[in-house]
Amino acid sequence: MLDELDPLCVVCHRPLGLAPATLGERTYCEDHIEKVAQDRSSLWRATTLQLVVLPIMLLAVLIGSQSLGLRPTGNLRVPVSMALAVLPGLSWLVTLYLQELLTGEATRFLATVVVSGALVASAVGLPFLERVADIQSWLPNGSLTVRFLGNILLVGPTHMFLVYGVVRYTVMRTNAFERRVDGIFYAVATAVGYATMLNVQLAVRSGGFDPASGMFRVIGDVVGHAGAAAVLGYFLGRHRLESLPPWTLPTGLMLAAFADGILVYSRAEINRTSLGLARDAFSPWPGLLFSFILAGISFTAIYGLLRRINALTQAQLQTAP
Amino acid sequence: MTFRDDPIGQRRSVAARTISRSDRYASILTLAVTALALTLGLLLRQSQVSSTVPFVDRTAGVQTRYPSGWLLDTDGDYVMRVRDEAARPFKTTYLIRVVPASPQTSVRNVLDNLTLQRSSERAAYQVLSIQEASETVTRMDFAFVDTDPNPFLERLPVVVLGTDLVILDGDRAIVVTMMAAEDVYTREFPRFQRFFAALSF
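Cut-off values and rules
- Residues numbered from 1 in each chain as written.
- Chains lettered and ligands numbered in written order.
- Predicted model: local features only at pLDDT ≥ 70, side-chain atom pairs only at ≥ 80, totals over all residues.
- Helix = DSSP H or I, 4+ residues; strand = E, 2+ residues; numbered from the N terminus.
- Rg over C-alpha atoms; globule rule 2.2 N^0.38 Å.
- Buried ≥ 20, exposed ≤ 12 C-beta atoms within 10 Å, placed from the backbone.
- Pairing = 2+ DSSP bridges.
- Axes fitted to C-alpha atoms, helices over the stretch in contact; angles between N-to-C directions.
- Contact = placed C-beta atoms within 7 Å.
- Expected span 1.5 Å × (residues − 1).
- Bend = angle between axes of the 7 residues up to and from the residue.
- Nonpolar A, V, L, I, M, F, W, Y, C, P; charged D, E, K, R; others polar.
- Domains from an automatic or database assignment.
- Core = buried A, V, L, I, M, F, W, Y, C linked by C-beta atoms within 7 Å.
- Left-handed = near helix turned anticlockwise from the far one by under 90°.
- pLDDT = per-residue confidence, 0-100.

## Some thoughts on the overall build of chain B
- Across its full length, chain B carries four helices and nine strands.
- For chain B, the succession of helices and strands along the chain, N to C, is α-α-β-β-β-β-β-α-β-β-β-β-α.
- Here chain B has a C-alpha radius of gyration of 28 Å; the compact-globule value for 201 residues is 17 Å, and the former is much larger.
- Along the first, second and third principal axes, the C-alpha atoms of chain B reach 100 × 50 × 30 Å.
- Within chain B, the fraction of its 201 residues that count as buried is 25%.

Here is the structure:
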């Protein structure tokens, strides 16, 4: 029987001896203290690869639909649109999975968080935004300030809180979550599943979309949500494995929600400006470009912060008695 | 049941021992902050919804939202007309008209008819520009001078700027018009854009 006073490893919950390894107030077994500050290079490789592959995918669809005239009609329109809606997310997750296999990493909860992300998007995210908040009826018609605030206060927090909820209640308290970077890994995977479901729903409800214009939105959504989720994941990883003040996690969630809200707002705004009554041109490129820039900034900043904090931890562990 | 006989409960209680008080506060704070953001968002929605009034005309198959406090009139040769009664010296006006259109009718025909009609009704009526605002919407800007019919009333004539947005919709054309005094036109135009964006037919 366990002694109530025995310290436990925060990851595997094994009872520890009298002088366990610690990080702040967290106690670790010998295996897991080594892992806290380890990186997951497969995540960064897969992400970089996707930031290159997705524009190529878009170009291929553009060439197919615009130059070769491959535009599905009739009964094919919805299935093809659904396939296109799934394609970027699937590509991201397959790349992530293969990279994990190549590096011999555990991917136990990858499918769980992706499917859960998709389910909460369909069961909670969309119904809340469309039926309770009813954003379509008032948000696009509001003033610039209202549109900004609406996205920051309603859209971003809804998306990011649900991503947080999935990670928090599936993988975060298991021993699969053993490194800081795991927060980013699982949050990004959840967000990709979440964004994919939003796009599938869009394809179904709109009776299919034009491949070219649809792909702009689909890829922009996946990249943007993943970029915002990386911010959330960073805070989740640190909160889980370090002793941080209680306000750190809500701050991280709000930062991610802000990034997500800014993304949705700015993309709509860039396209709205192009479609404005005083303009005669429409181009979805600036919106997509903005998604990539935001995701690039987010991933680069998080990568840098994580490297720094991991290096500090490793130095601390090496000097520990 | 003892602690030893309940392995699942034991695992749960073991896991719970690794959750600090700070973790619990963080979870509660996260919920609270999200709830606060969503509540503020829903309050914003409420204020927005109550600042406009829905308008539905089932006969014309047109619906939109117009600013609350504006005076609605549906008795003329239009689907609806709303006016800002507080605006001085010219009441800012939005107007929706549905004009029958044959397959041969072009947007230009609709705009020319409007021009002919207005040039006989409005003083110094002048078309300023015609352009395609998007694939489906054609925009015509115009100006005229609004004078009071009572010549003894001491009031300067007002230069009014207006915009027509024309959409061909099968066998009809939908004309959405805004008219406002020259000095408030630019300021009022974004609100008109929202009025137009809320239009469905």
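## A short note on the sheet that holds strand S6 (residues 123-132) of chain B
Residues and elements named next belong to chain B.
- Pairing is antiparallel in the open sheet, where seven strands are placed in the order S3-S4-S5-S9-S8-S7-S6. The sheet is open, and its two borders are formed by strand S3 (71-73) and S6, each paired with just one other strand. If you compare each strand with its neighbour and ignore which way they point, the axes differ by 20° on average.
- Contacts from helix H3 (residues 107-121) reach strand S5 (93-100), S6, strand S7 (137-146), strand S8 (158-169) and strand S9 (172-181), with the element oriented near 150° to S8.
- Helix-sheet contacts for helix H4 (residues 182-197) involve S5, S8 and S9, and the interaxial angle to S9 is about 145°.

## Here we look at H4 of chain B
All names here are of chain B.
- Taking 1.5 Å of rise per residue, 16 residues should cover 22 Å, and H4 covers 23 Å from first to last C-alpha, within 8% of that figure.
- The sharpest bend along H4 comes to roughly 50°, located at Glu188, with the proline Pro190 sitting one to four residues further on.
- Taken together, the buried positions of H4 are Tyr185, Phe192, Arg194, Phe195 and Phe196.
- If you follow the buried residues of H4, they end up packed against strand S2 (62-67), S5, S8 and S9.

## Focus: the interface of chain B and chain A
- Across the boundary between the two partners, chain B contributes 35 residues, which contact 36 residues of chain A.
- Taken together, the elements giving at least two residues each to the side of chain B that touches chain A come down to helix H1 (7-17), helix H2 (21-51), S6 and H4 of chain B.
- Here the side of chain B that touches chain A takes 16 residues from H2 of chain B, the largest share from any one element.
- Considered class by class, the residues forming the side of chain B that touches chain A number 18 nonpolar, 10 polar and seven charged.

## Thoughts on the domain arrangement of chain A
Residues and elements named next belong to chain A.
- With domains assigned, chain A is organised as domain 1 (1-35) and domain 2 (39-316).
- In this structure, domain 1 and domain 2 have C-alpha centres spaced 35 Å apart.
- Facing nine residues of domain 1, the contacting portion of domain 2 comprises seven residues.
- Across the side of domain 1 that touches domain 2, the residue classes tally to four nonpolar, two polar and three charged.

## Details of the pairing of S8 of chain B
Residue and element names in this part refer to chain B.
- Pairing between S7 and S8: 10 bridges, direction antiparallel. Counted as the bridge partner of Thr138 is Val166 from S8.
- Pairing of S8 with S9 involves 10 bridges; the strand directions are antiparallel. Paired with Leu161 across the two strands is Ala180, which belongs to S9.
- Count of turn residues in the S8/S9 antiparallel hairpin: two residues, of which Gly170 carries a positive phi of about 65°.

## Description of the nonpolar core
- Core analysis: the biggest nonpolar cluster contains 83 residues, and Val163, Ala187 and Leu232 of chain A have the highest contact counts within it.
- Not counting chain neighbours up to four residues away, the residues in contact with Val163 of chain A comprise Gly117, Ala187, Thr190, Ala191, Tyr194, Ala229 and Leu232 of chain A.
- Core analysis: the second largest hydrophobic core is formed by 30 residues, Ile96, Leu114, Ala173 and Phe196 of chain B among them.

## Describing the domain arrangement of chain B
- Domain annotation of chain B identifies domain 1 (7-48) and domain 2 (58-197).
- Relative placement of domain 1 of chain B and domain 2 of chain B: their C-alpha centres are 52 Å apart.

## A look at the packing of helix H4 (residues 110-132) of chain A against helix H6 (residues 144-170) of chain A
Residue and element names in this part refer to chain A.
- Running from N to C, H4 and H6 cross one another at 145°; their axes reach a closest spacing of 10 Å. Crossing hand, H4 versus H6: right-handed. Along the contact surface, H4 presents Thr112, Val113, Ser116, Gly117, Val120, Ala121, Val124, Gly125, Phe128 and Leu129, while H6 presents Leu154, Val155, Thr158, His159, Leu162, Val163, Gly165, Val166, Val167 and Thr170.

## Topic: unusual backbone geometry
- The omega angle of the peptide bond from Arg88 of chain B to Pro89 of chain B is 0°, so this bond is cis rather than trans.
- Summarising the element assignment, Pro89 of chain B is placed in the loop between strand S4 (80-83) and S5.
- Even without glycine at this site, Asp134 of chain A takes up a positive phi of about 50°.
- Within the secondary structure layout, Asp134 of chain A lies in the loop between H4 and helix H5 (135-138).
- On the basis of neighbour count, Asp134 of chain A is assigned to the partly exposed category, with 14 C-beta atoms found within 10 Å.
- With a phi close to 55°, Ala124 of chain B is a non-glycine residue in the positive phi region.
- Structurally, Ala124 of chain B is set in strand S6.
- For Ala124 of chain B, a count of 13 C-beta atoms within 10 Å translates into the label partly exposed.

## Some words on the confidence of the model for chain B
- When pLDDT is averaged along chain B, the result is 85; 91% of the residues meet or exceed 70.
- On the interface metric, ipTM, the complex scores 0.87, and its pTM is 0.76.

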